Amino acid sequence: MIGNRKLLRLLLIGLAAWSLPALAATPAAYYVDAIAGSDACTGRSPQQAWRSLEKVNRHVFQPGDTLFFRAGRIYEGQLKPQGSGSREQAIVMDRYGAGYKPRIQGNGVMPAALHLYNVAHWQVRNLDISNYGPERSPRRAGVLVQLQDFGTAASIVLQFLDVHDVNGSLVKKEGGGAGIIVQNGGRRQPSRFDGLLIADCTIRRCERNGILVNGYWSRTEWHPNLHVVIRNNLLEGVPGDGIVPTGCDGALVEHNVMRDCPRLLPDGEAAAGIWPWSCDNTLVQYNEVSDHKAPWDGQGFDSDWNCNNTVIQYNYSHDNEGGFLLVCNDGSAKPPHNAGNRNTIVRYNVSINDGLRTSGRHAGFAPIFHIAGPVLNTRIYNNLIILPPRSPQMDSTLVEMGDWHGYADSTFFGSNIFCTKAVADYRFAGSRRNYFRGNVYTGRHLDKPADKGPADIAWLAAFLAYRLL
């Protein structure tokens with residue numbers, strides 16, 4: 001007979017063992033080689049590498065795992081890995097071996113060549129990604145990061161990716177297409193990203209757009225993405241929207257370059273370089289946008305409707321056919337869905353030779369500053385605007401206050417330098433409470449606004465010294 005004390009001790013030991021959490025699986029490294037690998041192998045070493053993306057897609061990765069693709073190889077099809085990492089142990093996807101970056105070549109078979117669906121804590125680096133199909137298709141992407149009824153996904157990193165040759169639709173209403181699309185949605189379980197980094201990537205020949213974050217836009221279901229950073233990316237050969245965060249709070253877009261935009265969009269299509277939509281507290285800084293040729297809009301930068309407290313600073317805009325800046329609000333989109341456009345700040349930017357449109361149905365309309373609709377409390381100060389000689393077919397308007405179911409209210413221009421070798425004019429239409437103070441005007445300015453106060457341009461020397469260093 002077992003004594004009562006001994007029996008009690010055994011029961012407590014058993015209960016403790018039963019209640020202990022299961023030991024976490026040991027992180028593993030997996031290898032893929034499209035030439036020398038085999039799906040019959042374990043994948044646990046370069047000598048035992050898997051061969052196909054299908055084999056990778058069937059595996060469920062665990063926190064701390066690493067997935068390496070052999071460089072100098074082409075992997076055809078779609079890469080759609082499963083499993084999530086943890087705060088302490090992310091899942092890392094990268095390259096190994098010598099040669100060009102491993103290419104994930106989608107061939108337009110699926111909407112995206114790389115699809116991260118309902119996963120968190122992934123770091124994806126050093127891949128070459130294309131998704132060119134036999135004909136254009138709406139919503140086609142090189143990379144799609146998607147949440148649907150998932151909840152919060154933390155720590156998604158896309159870095160050192162070369163995304164190119166994605167032939168999505170050129171029409172926005174059809175769904176367009178992009179090099180990188182980040183998308184979150186769902187009503188059963190609202191979903192969002194908390195910690196999204198897109199950095200050091202190249203986006204080349206992707207149509208229609210470059211980098212899109214497509215989140216909740218309506219203020220009646222407001223679940224903004226947090227800690228979104230889009231930094232140090234190069235966009236070339238993108239005809240439409242360059243970088244557009246949507247449904248974010250506190251997004252940071254900095255040190256990106258968009259250039260060499262081809263003239264591909266159908267007449268009437270609107271697009272611009274870098275701009276938030278339905279976002280709060282966005283900071284856009286140290287970016288360069290040039291050569292935008294969209295048939296409508298076509299500015300380097302934009303603070304769009306349903307946005308609060310956007311700051312656009314220290315950027316360089318040049319040779320954009322639509323002008324330097326758009327600030328707008330659709331007055332027909334009423335609360336509670338639309339929060340309007342309030343408190344945009346535009347400062348310490350340089351615009352040279354913007355506003356060049358001479359073709360299409362909007363030929364001759366390309367003001368440097370286009371402020372459209374009932375935007376409120378926009379502050380534009382300490383910017384340098386240079387307009388070289390222009391052809392007669394080009395717009396000569398420096399500031400255009402346009403009607404989009406309403407006009408702007410309380411717009412301030414201060415300590416800007418407006419330097420023109422052409423003729424510049426100003427159109428205020430039905431806008432109210434426009435304040436100009438301490439601006440410098442060189443060249444010929446028609447209908448120049450009443451400007452009060454002395455010029456304060458000490459900022460210019462320091463700013464130009466910084467840009468030239």
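Residues numbered from 1 in each chain as written. Predicted model: local features only at pLDDT ≥ 70, side-chain atom pairs only at ≥ 80, totals over all residues. Heavy atoms only, no water.

**Considerations on the nonpolar core**
By size, the foremost hydrophobic cluster in this structure holds 81 residues, and its most contacted members are F69 and F369. F369 has contacts with F324, L325, I380, I385, L398, V399, E400, F413 and F418, leaving out every residue within four places of it along the chain. (Core = buried A, V, L, I, M, F, W, Y, C linked by side-chain atoms within 4.5 Å. Buried < 20%, exposed > 50% of the residue type's maximum accessible area, 1.4 Å probe, protein only. Contact = heavy atoms within 4.5 Å.)

**Concerning the pairing of strand β40 (residues 432-437)**
Summarising the sheet, strand β38 (residues 409-414) and β40 pair through five bridges and their orientation is parallel. Across the sheet, residue G414 finds its bridge partner in β40, namely R437. Across two bridges, β40 lies against strand β42 (residues 451-452) in parallel orientation. For R437, the partnering residue across the bridge sits in β42 and is K452. (Pairing = 2+ DSSP bridges. Helix = DSSP H or I, 4+ residues; strand = E, 2+ residues; numbered from the N terminus.)

**Side note on the sheet that holds strand β6 (residues 112-117)**
Taken in spatial order, the five strands make up an open sheet running β6-β9-β12-β15-β18, and their pairing is parallel. The open sheet has two edge strands, β6 and β18 (243-245), and neither has a second partner. Put simply, the sheet's adjacent strands are angled 5° from each other on average, direction ignored. Two strands pair when backbone bridges link them, and strand β15 (residues 209-214) and β18 are joined in this way by three bridges, in the parallel orientation. For V213, the partnering residue across the bridge sits in β18 and is P245. (Axes fitted to C-alpha atoms, helices over the stretch in contact; angles between N-to-C directions.)

**With respect to unusual backbone geometry**
A negative phi angle characterises most non-glycine residues, just as the trans form characterises most peptide bonds. Here the residue pair E207 and R208 is connected by a cis peptide bond, since its omega of 20° sits within 30 degrees of zero. Within the fold, R208 resides in the loop between β14 (202-207) and β15. A cis amide bond, omega 10°, links P335 with the succeeding residue P336. Tracing the backbone through its elements, the reader meets P336 in the loop between β30 (325-328) and β31 (341-342). Unlike most non-glycine residues, D149 shows phi in positive territory, near 55°. Despite not being glycine, D200 has its phi angle at roughly 60°, a positive value. Of note, D200 is situated in the loop between β13 (192-199) and β14.

**Here we look at the pattern of salt bridges**
Any two side chains of opposite charge can pair, given that their charged atoms come close. Under the defined criterion, the tally for this structure stands at 19 salt bridges. With a closest N to O distance of 3.0 Å, D128 and R103 form a salt bridge. Taken together, the residues span a long stretch of sequence, with D128 in strand β8 (residues 128-131) and R103 in strand β5 (residues 103-105) at a distance of 25 residues. Judged by relative accessible area, which is 12%, D128 ranks as buried. With a closest N to O distance of 3.2 Å, R208 and E269 form a salt bridge. (Salt bridge = Lys/Arg side-chain N within 4 Å of Asp/Glu carboxyl O.)

**Considerations on the packing of aromatic side chains**
Across all of its chains, the model carries 21 aromatic pairs by this definition. Here the aromatic rings of Y30 and W50 are separated by 5.2 Å at their centres, their planes lie at 25°, and the arrangement is stacked. Separated by 20 residues along the polypeptide, Y30 in strand β1 (residues 29-32) and W50 in the loop between β1 and α2 (53-58) bring together distant segments of the chain. Taking the centre distance of 6.0 Å and the plane angle of 85° together, the rings of F61 and W122 count as edge-to-face. With F61 in the loop between α2 and β2 (66-70) and W122 in strand β7 (residues 122-125), this residue pair connects regions lying 61 residues apart in the sequence. By relative accessible area, W122 is classed as buried at 0%. (Phe/Tyr/Trp six-rings, centres within 6.5 Å; stacked < 30°, edge-to-face > 60°.)

**What to know about the pairing of β15**
β15 sits mainly inside the fold: five of its six residues count as buried. Inspection of the sheet shows strand β12 (residues 177-185) paired to β15 by five bridges, in the parallel sense. Note on β15: the bridge partner recorded for I180 is I211.

**Quick notes on the environment of D451**
Mapped onto the elements of the fold, D451 is located in strand β42. Aside from chain neighbours lying at most four places away, what touches D451 is F436, R437, G438, N439 and Y441. Here Y441 takes part through its side chain, which lies 2.6 Å from a polar atom of the side chain of D451. (Polar contact = N/O pair within 3.5 Å; in protein donor to acceptor, adjacent residues only side chain to side chain.)

**Some thoughts on the confidence of the model for the protein chain**
Confidence along the protein chain averages 93 in pLDDT terms, with 93% of residues attaining 70 or more. Taken as a whole, residues 15-23 scores under 50 in pLDDT and shows zero contacts with residues more than four places along the chain or in a different chain. (pLDDT = per-residue confidence, 0-100.)

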